[in-house]
Amino acid sequence: LDISMDTWSYFHTCLVSIWLYRFYIYSAVAFGISLWIVIQFSTTRTKRKVTEPGTADKLGNGCAPPQAQEVHVAGVKIFYGSQTGTAKRFAKALGEAVTSLNLPVEVINMGAYDPEDGLAEETSSKNICVFLVATYTEGQPPESAGWFCKWLEEAANDFRVGKSFLRGLRYAVFGLGNSAYVDHYNTVGRRMDRWLWMLSASRIMTRAEGDCNVAQSKHGSIEADFEAWKAKFLTRLQALCKGEKKPCGGKCKKGKCKSSEKQSKESSDHEHGMSEHENTEAEELFETSSEEEAGGTDSVIDVEDLGNIMGRMKKAKVLLLEGTWNVHGVHHSGYHLVYFVCQFLQAKLNCLMICALFSGYKLIGSHSGVKLCRWTKSMLRGRGGCYKHTFYGIESHRCMEATPSLACANKCVFCWRHHTNPVGTEWRWEMDQPEVILQEAIEKHQNMIKQFKGVPGVKAARLEEALAVKHCALSLVGEPIMYPHINRFVRLLHQHGISTFLVTNAQFPEEIRRLEPVTQLYVSVDASTKESLRRIDRPLFKDFWQRFLDSLKALAEK
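What you see is a predicted model, and the numbers here were worked out from it, not measured in a lab.

What counts, and at which threshold
Residues numbered from 1 in each chain as written. Predicted model: local features only at pLDDT ≥ 70, side-chain atom pairs only at ≥ 80, totals over all residues. Heavy atoms only, no water. Helix = DSSP H or I, 4+ residues; strand = E, 2+ residues; numbered from the N terminus. Buried < 20%, exposed > 50% of the residue type's maximum accessible area, 1.4 Å probe, protein only. Contact = heavy atoms within 4.5 Å. Areas by Shrake-Rupley, 256 points an atom, 1.4 Å probe, with all protein chains shown as cover. Salt bridge = Lys/Arg side-chain N within 4 Å of Asp/Glu carboxyl O. Polar contact = N/O pair within 3.5 Å; in protein donor to acceptor, adjacent residues only side chain to side chain. Pairing = 2+ DSSP bridges. Axes fitted to C-alpha atoms, helices over the stretch in contact; angles between N-to-C directions. Expected span 1.5 Å × (residues − 1). UniProt positions renumbered as here; feature names shortened; annotations may be inferred. Parallel < 35°, antiparallel > 145°, perpendicular 65-115°, else oblique. Left-handed = near helix turned anticlockwise from the far one by under 90°. Nonpolar A, V, L, I, M, F, W, Y, C, P; charged D, E, K, R; others polar.

Draft legend 1. Layout of the overall build of the chain. Across its full length, the chain holds 21 helices and 14 strands. Within the chain, the fraction of its 558 residues that count as buried is 43%. For the chain, the proportion of contacts with a sequence separation of at least 24, taken over those separated by at least 6, is 73%. A total of about 30,700 Å² of accessible surface is found on the chain, and carbon and sulfur atoms cover 56% of it.

Next comes the structure, spelled out in structure tokens:
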């Protein structure tokens, strides 16, 4: 009990003392906290001062350190096509200038580069591709750039190569030429720029042109032209490295775009008209196909290249509604013009052929067509063929892709012709005879093959073989089995020693039953249920599902 009392007395004395001197205790605690705050503040400030010089050294150009910064430009690849060595010299000079910006650089000879595989990789590499290419005799590319340009042209004009094939690739073009040759001045550089743009590659700046003609050169010589362009390119490259936003895509919602007029100009089609020599070519930028440029008289426009054409058609419609249209300086009333056009089309073309005009084929008569397959072109160069070669041994360079009927009974959502071909559930067009179709198909196919004579990379032996057609793929477009004389047509092909593959969309079961033997018969099965078939194939027949099932039964009976 005495111990307990003593303990309590001790604690009581301490508590009373704390209470009596509480003011001093509060002051001491407050002073301690204040001192801690001052120490922490001073320490933090000292750390910042120590860090800043190192950070500045690490950033160099004021950008964030690599680990915290998104890489906007991984490097620069400089492609050159040169005949006399000027483009090569410019490429090396540009490479040295880019190296001074601490960017990886690769200088590449177009003659030693495979564009089919290489350019596709550049769409995701974050590299900038620069093309320095000269225009040689008669507007042709240098020998070292021949294959590169040929592949690019074919890719841009082949409807089965996606128009977004090079989306993501960023590029700039500098052309070398001589304005003394007015008709061919810098045509290779201009065409290369156009083909890249058609495949959805993105220009980082307007194409520039160097002129060997001192009297016409903007800066006094082609070297000075190049130096002026190089300075602009390096400035643009530095801006891209800092993550500068892309030029406006034309989708601003309110008023005009806030982007500079210069940027908008670079991202527009009108930059093709920067030179007097190319005004005409710019206006016709997407109105010619590769076949037309080769001099064909009956070539047609590919549907993927109709952007400008549709714009002009809208303008034409406005003019018609206003009642007047000036044609070659002569004013015609809108009604007279429409009547004239209709009379001309009625005389020369039927409705089916009008629609086919936009599909890129060589037209045959009023309802047939033939087209050179990309695998045919591939095998002419000694490369691989399509599945028919793998599965059946059919050589793609001796295959003719054609159809006796451009019309179809479906409007499939995946149609590679974008529904430019006509549709119908029955044959209602003027009919051409099978003999005429076959003769013209072979002639037009051979004419397209002959255009590859002398093209770099094309093997002479295969070119000679390709003139003798040994196989016909009746799968170009439309519904070949709709053609009333399809059996006669197939017999003619077989009589000429040409094997036949025929594709049908499973909407003509009776025609399948009446079809005489072909080498290979395909029935397209695009969906597994009635509703999904309706949504995907969008058939014209009301009883499409029963026709689909009956077609499969008819195939089993074959």
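There's plenty left to go through after this.
Draft legend 2. How the structure looks around the pattern of salt bridges. Inspection of the entire model under this criterion finds 17 salt bridges. The salt bridge involving Lys77 is made with Glu106; its shortest N-O contact spans 4.0 Å. With a gap of 29 residues between them, Lys77 in strand 1 (residues 75-81) and Glu106 in strand 2 (residues 105-109) connect regions that are remote in the sequence. Residue class for Glu106 comes out partly exposed when judged on its relative accessible area of 40%. Several salt bridges converge on common partners, so that one network encompasses Arg190, Asp193, Arg203, Arg207 and Glu209.

Draft legend 3. Representation of the side chain of Asn127 in the model. If you trace the backbone, Asn127 turns up in strand 3 (residues 127-134). Residue class for Asn127 comes out buried when judged on its relative accessible area of 12%. Only 3.1 Å separates the side chain of Asn127 from the backbone nitrogen of Gly75, close enough to count as a polar contact. Setting aside residues up to four positions removed in sequence, Asn127 forms contacts with Ala74, Gly75, Val76, Lys77, Glu122 and Arg170.

Draft legend 4. Region of the structure containing the sheet that holds strand 10 (residues 368-371). Spatial strand order, 9-10-11-12-13-14: six strands in an open sheet with mixed pairing. At either end of the open sheet lies a strand with only one pairing partner, and these are strand 9 (362-364) and strand 14 (520-523). Each adjacent strand pair in this sheet contributes to an overall mean axis angle of 20°, direction not counted. Where strand 13 (residues 499-504) meets strand 14, four bridges bridge the pair, whose relative direction is parallel. Paired with Thr504 across the bridge in strand 14 is Val523. Most of the contacts of helix 16 (residues 434-450) go to strand 9, to which it runs at about 165°, and overall it touches strand 9, strand 10 and strand 11 (399-403).

Draft legend 5. Broad picture of the environment of Thr84. In this fold, Thr84 is placed in the loop between strand 1 and helix 3 (86-99). Overall, Thr84 belongs to the exposed group, its relative accessible area being 70%. In the structure, Thr84 is positioned 50 residues away from Ala134 in sequence and 9.2 Å away in space, judged by C-alpha atoms. There is a polar contact of 3.4 Å between the side chain of Thr84 and the side chain of Thr86.

Draft legend 6. Helix 3, seen in detail. Its 14 residues give helix 3 an end-to-end C-alpha distance of 20 Å, which sits within 8% of 20 Å, the value for a rise of 1.5 Å per residue. Residues Thr86, Ala87, Phe90, Ala91, Leu94, Gly95, Ala97 and Val98 constitute the buried set of helix 3. Buried residues along helix 3 sit in contact with strand 1, strand 2, strand 3, strand 4 (170-177) and helix 7 (222-241).

Draft legend 7. Fine view of the UniProt feature "transmembrane region" (unreviewed entry) in the chain. Look at the UniProt record and you will see "transmembrane region" (unreviewed entry) annotated at residues 20-39. As annotated, residues 20-39 comprises 95% helix and 0% strand, and the C-alpha atoms at either end are separated by 31 Å.

Draft legend 8. Inspection of the pairing of strand 11 at higher detail. The buried fraction of strand 11 is high, at five of five residues. Side-chain alternation along strand 11 places Cys399, Glu401 and Thr403 on one buried face and Met400 and Ala402 on a second face that is also buried. In this sheet, strand 12 (residues 471-474) lies alongside strand 11 in parallel orientation, the contact comprising three bridges. Among the inter-strand pairings, Cys399 is bridged to a residue of strand 12, identified as His471.

Draft legend 9. Broad picture of the packing of helix 5 (residues 146-157) against helix 6 (residues 187-198). At a closest axis distance of 9 Å, the pairing of helix 5 and helix 6 adopts a crossing angle of 40°. Relative to helix 6, the element helix 5 lies oblique. Remark: the crossing between helix 5 and helix 6 carries left-handed chirality. Across from Phe148, Cys149, Leu152, Glu153, Ala156 and Asn157 in helix 5, the residues of helix 6 making contact are Val188, Met192, Trp195, Leu196 and Met198. For the contact of helix 5 with helix 6, the class distribution of residues is nine nonpolar, one polar and one charged.

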